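Single-letter residue listing:
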Amino acid sequence: MYEYKFDREKCWFKDVCGKYKTADCCASCLRFMEFDFLIYTSRIPKVYQKSVNLKPDSCDYDSFEYLNDLKQDIINFVAAGENLFIHSSFTGNGETTWATKFLLRYLSEIWLGNGFKPRGLFLSTQNLLFSIKQSFNSANNVQDLLDLIPVVDLVVWDDVAVSGLSAFEQNTLYDFINSRMNMGLANIFTSNVSDKDLEKQVGKRLSSRILSGDIVALRGKVRPVSYTHLTLP
């Protein structure tokens, strides 16, 4: 359950806010209050709640520039119900960081006047499927989470093909993702499986939905340092 706690030291905007550490920097700050709620309800893992800038290998310069352009236009991306698949054969190569950059940027753009309504969601796909299966035989209740999937503007589906999916898992994910796409809601998918190999892991129907939008490959390795043009949120 969400509980509001003001902490100016964790403010996402302290480096750009002229009121930081002034008398107006207090628990009644609407910007902090609404953004804190959006972060909580998005379920972005704490390690990604303040995005790390990345430096790419030269082979990924074009991909980084393309992703950055999409991020800068995040409002139109979401409004149009766009979809994006970011993949790399390397683990820890920036796919999840990039996906959360998109989500953070979107939340930072729409917080004003939001009225404490969940607008984005980060999902570890494997954890989601595991929790759903666990809920059949235990008191593990994932209904609150499942209720958010068809209503938030943007969902990040992290690691959609970390392992081969059973028929039940394929159908479950397909129903969620297909319903969102039919409603014109935006999605970002990350994977360490290439677009060419995705069907082998998740099946034809699901892969066709995941690959229905933009596809960006990260082929090199990234380092968590500064990169020109990338500032967040």
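Above this text is the structure in question.
Reference entry: report on the structure contained in this document. (Residues numbered from 1 in each chain as written. Predicted model: local features only at pLDDT ≥ 70, side-chain atom pairs only at ≥ 80, totals over all residues. Heavy atoms only, no water.)

**Examining the sheet that holds strand E2 (residues 120–124)**
Strands sit in the order E2-E3-E4-E1-E5 across an open sheet of five strands; the sheet is parallel. Edge positions in the open sheet fall to E2 and strand E5 (214–217), since each of these has one partner strand only. When strand polarity is set aside, the average angle formed by the axes of neighbouring strands in this sheet is 15°. Across four bridges, strand E1 (residues 83–87) lies against E5 in parallel orientation. Looking across to E5, one finds that Phe-85 is bridged to Ile-215. Here helix H2 (residues 61–72) sits on the sheet and contacts E1 and E5; the angle it forms with E5, its principal contact strand, is near 140°. (Pairing = 2+ DSSP bridges. Helix = DSSP H or I, 4+ residues; strand = E, 2+ residues; numbered from the N terminus. Axes fitted to C-alpha atoms, helices over the stretch in contact; angles between N-to-C directions. Contact = heavy atoms within 4.5 Å.)

**As for the packing of helix H5 (residues 125–135) against helix H7 (residues 167–182)**
Relative orientation of the contacting elements H5 and H7 amounts to 110°, with a least axis distance of 11 Å. Judged on the interaxial angle alone, H7 and H5 are roughly perpendicular. Between H5 and H7, the contacting residues are Thr-125, Leu-128, Leu-129, Ile-132 and Lys-133 on the first element and Phe-168, Glu-169, Thr-172, Leu-173 and Phe-176 on the second. Of the residues contributing to the contact of H5 with H7, the split by class is six nonpolar, two polar and two charged. (Parallel < 35°, antiparallel > 145°, perpendicular 65-115°, else oblique. Nonpolar A, V, L, I, M, F, W, Y, C, P; charged D, E, K, R; others polar.)

**Examining the pattern of salt bridges**
A full pass over the atoms with the stated rule returns six salt bridges. In this structure, Glu-9 engages Lys-14 in a salt bridge whose closest nitrogen and oxygen atoms are separated by 4.0 Å. Classification of Glu-9 as partly exposed rests on a relative accessible area of 42%. A relative accessible area of 25% places Lys-14 in the partly exposed class. A salt bridge links Arg-119 to Asp-153, with the nearest nitrogen and oxygen atoms 2.6 Å apart. Of the two residues, Arg-119 sits in the loop between helix H4 (95–110) and E2 while Asp-153 sits in the loop between helix H6 (143–148) and strand E3 (154–158), which places them 34 residues apart along the sequence. Comparing Arg-119 with Asp-153, the two get one shared label, buried. Connected via shared salt-bridge partners are Glu-9, Lys-14 and Lys-21. (Salt bridge = Lys/Arg side-chain N within 4 Å of Asp/Glu carboxyl O. Buried < 20%, exposed > 50% of the residue type's maximum accessible area, 1.4 Å probe, protein only.)

The quantities given are spatial measurements derived from coordinates; they are silent on function.
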